[in-house]
Amino acid sequence: MIGLILVRLVQAALILLGVAALTFVLLYALPADPAVLLAGRNATPQIVASIRHQLGLDQPLPIQFWHYLTGLLHGDLGRSFNQKTAVGPLIAARLPATLTLMAAGIAVEVVLGLTLGVIAALKRGGFIDRCVMTASFVGVSTPQFLVALLLLYVFAATLGWFPMSGYGTPAHLVLPALTLGVLGAGWYARIVRSAMIDVLGQDYVRTANAKGLSATRVVLRHALPNALLPVIAMIGIDIGQFMGGTVVVEAVFGWPGIGQLAWQAIQQVDIPIIMGVTLTSALAIVLGNLVADLLAPLIDPRIRAA
Amino acid sequence: MAMPALLRGLLRRPTLLVGFVVIIGVLVAALFAPWLAPYSPDDQMFDGLSLEGAPLPPSHQFLLGTDTLGRDLLSRLIFGARTSLIIGLVANGTAVMTGLCVGVLAGYFSGLVGLVLMRFTDLMTAFPALLLAIVLAALLKPSLWIVAMVIAMVNWVQVARIAYTETRSLTERDFILAERAMGAGNLRILFLHIAPHLVPTAIVWGTLGIATTVLLEATLSFLGVGVQPPQPSWGNIVFESQSYFQSAPWLVFFPGAMILATALSFNIVGDELRDLLDPTQRGRG
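Because the structure is a prediction, the values reported are computed rather than measured.

Novice: I'm lost on the overall build of chain B in this one. Help?
Specialist: Looking only at helices and strands, chain B has 13 helices and 0 strands in total. Helices and strands in chain B line up, N terminus first, as α-α-α-α-α-α-α-α-α-α-α-α-α. Split into buried and exposed, the 285 residues of chain B put 45% on the buried side. If you take every contact in chain B between residues at least 6 apart in sequence, the share linking residues at least 24 apart comes to 70%.

Novice: What is the right way to look at the overall build of chain A in this model?
Specialist: Tallying secondary structure elements over chain A gives 15 helices and 0 strands in all. Taking all 306 residues of chain A together, the buried fraction comes to 41%. Pairs at least 24 apart in sequence give 73% of the contacts found in chain A among residues at least 6 apart.

Novice: Whenever I open this one, the environment of Ile266 of chain A confuses me. Can you help?
Specialist: Within the fold, Ile266 of chain A resides in helix 13 (residues 258-267). Look at Ile266 of chain A and you get buried, because 24 C-beta atoms sit within 10 Å. As a C-alpha pair, Ile266 of chain A and Ala177 of chain A span 89 residues in sequence and 24 Å in three-dimensional space. Beyond its immediate stretch of four places on either side in the chain, Ile266 of chain A contacts Ile274 of chain A together with Ile134, Val135 and Ala138 of chain B.

Novice: Is there a simple way to explain the interface of chain A and chain B in this structure?
Specialist: By a frequent convention, interface size equals the accessible area lost on bringing the separate parts together. Contacts between the two partners involve 36 residues from chain A, matched on the other side by 33 residues from chain B. Ranked by the residues each element gives to the side of chain A that touches chain B, the list is headed by helix 14 (residues 271-299) of chain A, at 7 residues. For the side of chain A that touches chain B, the class distribution of residues is 27 nonpolar, 8 polar and 1 charged.

Novice: Got a minute to help me understand helix 6 (residues 129-139) of chain B in this structure?
Specialist: Residues lying three or four places apart along an α-helix face the same way, a consequence of the helix completing one turn every 3.6 residues. With respect to burial, helix 6 of chain B is a largely interior element, 10 of its 11 residues being buried. Those residues of helix 6 of chain B not exposed but buried are Ala129, Leu130, Leu131, Leu132, Ala133, Ile134, Val135, Leu136, Ala137 and Ala138 of chain B. Residues of helix 6 of chain B that are buried sit in contact with helix 11 (229-245), helix 12 (247-253), helix 13 and helix 14 of chain A together with helix 7 (144-155) and helix 11 (199-223) of chain B. Phi for Lys141 of chain B, located one or two positions after helix 6 of chain B, is positive at around 55°.

Novice: I would appreciate a short explanation of helix 1 (residues 2-29) of chain A in the present structure.
Specialist: A rise of 1.5 Å per residue sets the reference length of helix 1 of chain A, with its 28 residues, at 40 Å; its end C-alpha atoms lie 40 Å apart and thus fit the reference within 8%. Inspection of helix 1 of chain A places Ile15, Val19, Thr23 and Phe24 of chain A among the buried residues, and these make up the whole buried set.

Novice: Which parts of the structure should I look at to understand the nonpolar core?
Specialist: A general tendency of soluble globular proteins is for nonpolar side chains to be buried together. The biggest cluster of nonpolar side chains holds 159 residues, and the ones touching the most others in it are Val192 and Ala262 of chain A together with Ala133, Ile134 and Ile151 of chain B. Here this core gets 16 residues from one element, more than from any other, and that element is helix 8 (residues 170-200) of chain A. For Ile151 of chain B, the residues in contact, after removing those within four places along its chain, are Ile87, Ala91, Ala133, Thr213, Leu216 and Glu217 of chain B.

Novice: I tried to follow the environment of Arg79 of chain A on my own but got confused; where do I start?
Specialist: All names here are of chain A. In this fold, Arg79 is placed in the loop between helix 4 (61-73) and helix 5 (87-122). The exposure class assigned to Arg79 is partly exposed, which follows from the 19 C-beta atoms found within 10 Å. A C-alpha to C-alpha distance of 18 Å links Arg79 and Gly259, two positions 180 residues apart in sequence. Residues within four places of Arg79 in sequence aside, it is in contact with Lys84, Thr85, Ala86, Val87 and Pro272.

Novice: Would you mind showing me how to read unusual backbone geometry here?
Specialist: A negative phi holds for most residues other than glycine; trans holds for most peptide bonds. The amide bond that connects Pro229 of chain B to the next residue, Pro230 of chain B, takes the cis arrangement and shows omega of 10°. Relative to the elements of secondary structure, Pro230 of chain B occurs in the loop between helix 11 and helix 12 (234-241). With a phi angle near 50°, Val269 of chain A is a residue other than glycine that sits in the positive phi range. Its location among the elements puts Val269 of chain A in the loop between helix 13 and helix 14. Classification of Val269 of chain A by C-beta neighbours within 10 Å gives buried; the count is 22.

Novice: Where do I start with the confidence of the model for chain A in this structure?
Specialist: Interpretation of the predicted coordinates at a detailed level should be avoided for regions scoring low in pLDDT. Averaged over every residue, the pLDDT of chain A is 83; the share at 70 or more is 98%. Averaged pLDDT values for the elements of chain A fall to 65 in helix 15 (residues 302-305) of chain A and rise to 89 in helix 5 of chain A.

Novice: Can you walk me through the packing of helix 1 of chain A against helix 14 of chain A in this structure?
Specialist: Helix packing for two helices is described by the angle between their axes and how far apart those axes are. Residue and element names in this part refer to chain A. Where helix 1 contacts helix 14, the axes come no closer than 10 Å and their chain directions differ by 155°. As summarised for this structure, helix 1 and helix 14 are arranged roughly antiparallel, according to the angle between their axes. The interaxial crossing formed by helix 1 with helix 14 has right-handed handedness. For the pair helix 1 and helix 14, contact is made by Ile5, Arg8, Ala12, Ile15, Leu16, Val19, Ala20, Thr23, Phe24 and Leu27 and by Ile271, Ile274, Met275, Thr278, Leu279, Ala282, Leu283, Val286, Leu290 and Leu294, respectively. Of the residues that constitute the contact of helix 1 with helix 14, the class distribution is 17 nonpolar, 2 polar and 1 charged.

Novice: What exactly am I supposed to notice about the environment of Leu17 of chain B here?
Specialist: Note on placement: Leu17 of chain B falls in helix 2 (residues 14-31). Separated by 16 residues in the primary sequence, Leu17 of chain B and Ala33 of chain B place their C-alpha atoms 23 Å from one another.

Novice: Quick question: what am I supposed to make of the confidence of the model for chain B here?
Specialist: Residue and element names in this part refer to chain B. This prediction gives chain B a mean pLDDT of 83; 94% of its residues lie at or above 70. Ranking the elements of chain B by mean pLDDT puts helix 1 (residues 2-12) last, at 68, and helix 4 (residues 73-108) first, at 90. The complex prediction reports pTM at 0.86, with the ipTM value standing at 0.83.

Procedures and definitions
- Residues numbered from 1 in each chain as written.
- Chains lettered and ligands numbered in written order.
- Predicted model: local features only at pLDDT ≥ 70, side-chain atom pairs only at ≥ 80, totals over all residues.
- Helix = DSSP H or I, 4+ residues; strand = E, 2+ residues; numbered from the N terminus.
- Buried ≥ 20, exposed ≤ 12 C-beta atoms within 10 Å, placed from the backbone.
- Contact = placed C-beta atoms within 7 Å.
- Nonpolar A, V, L, I, M, F, W, Y, C, P; charged D, E, K, R; others polar.
- Expected span 1.5 Å × (residues − 1).
- Core = buried A, V, L, I, M, F, W, Y, C linked by C-beta atoms within 7 Å.
- pLDDT = per-residue confidence, 0-100.
- Axes fitted to C-alpha atoms, helices over the stretch in contact; angles between N-to-C directions.
- Parallel < 35°, antiparallel > 145°, perpendicular 65-115°, else oblique.
- Left-handed = near helix turned anticlockwise from the far one by under 90°.

In structure tokens, the structure reads:
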């Protein structure tokens, strides 16, 4: 087990190294020149050159990458071009907002998904079942910004129940979390449904029913725990998706997370921040999958043998 | 003789029928946009704004209302179907082709080539796709084709993984061994014996992927880094009018509904095609 964890950690580190290299090459090979942007409209070539020198952009790409990498190993993500501060603390300051949003979004997905999925599995072929199957498709076919604007229109602009945008109170969290959660919930429900149908057909569930246990107890205590495995895997995937994927939601609701940081950095071609956010997201994707994989045998001992 | 069976199958599944109808509708709109649109999509009409300069709600004259510049929304949506479909087809076509090539090569040449290609694919799965697409689209000065290429770049990975798994299992089958024993070369085996088995995968992902692509294009355009105005796209219509959405909600809801309906239809039809062409995948996500 420990050997497996070590192997997976080394793999994860290698993948992150690869992501760093690829992002670096992509960003610095692009035509947008941050030095020209920083220098402003009326800058002489000398000023642009001196800024380029200051930022270390005049050095050969491999050397720049080497500097970046050695810095990275010391926990240094470089300095922002525009804000002149270290990128690490900038991202760290934005993390709580994104993590809150992520946790709330996943909570909405899991609660809605489990409830609907279990009901759909129990009443297979019924009205709720058909709704869930359709909803899972609608969920993956709806652009986030549409749901965000719809929720804003109904619950903020028309009804005035929640604030239009901002951060700080639980009321601010409701609409962004619903935007993330409602769309994903259909897919969770679909996964739970098919896992539950599998489990409900097994002998031990029939035994539990035959013993005379109440239907609620059989479903919640005996069947559901065995149907949770794919949900854990899905949460692992979502942790990765939401870390870099909340740009739209954060932009619409003015949520001050790392998505907004990235969005501002993109508009200013602030490459160190873009690099930093990309790496943070990649880290979340790798760790999310890793944790889900490592949790699986703890939840279902049958996997340990394989 | 096949037609009645197909038709009967369609009628038995109303969702599939609706999906087909929507796709055909969007195709027709895209192909015949200049003839179908009641006005020019770029025409900023004098009577297209109220006296106060606000966009007009849906009316007899402008069926879906007008936008903030007094242009007919219906005409812009019809021309927007062109943008969305071109990007959908080009980006997704490129993504599926790339994915198939990478997957098949990696699965067939299981040595160093396969290892390198699959590690690269693993690397791409760890990339935050949306973030990458936004960064690339923003820094590359977006145009229709750049947006399509950026979307293709982040979307080929899934197809590559599926093609890889399928090719791996095919390569170990007896009929490939027999071919090789008879002296067939790699190219002959790849094109005549492996490629045909991947046609269903290509068709399914060629359909399902369009949904993803249309959504990604809409998202990029909504953020202002996708297709640039005045060229209409469903995403940038919302981008242009989102600050007015309280007073002119139709400017957000109609394009949003188009995106949703199109993506949903491609997802439904793609999923049914998967059931039809590949029974082993039936019922899976």
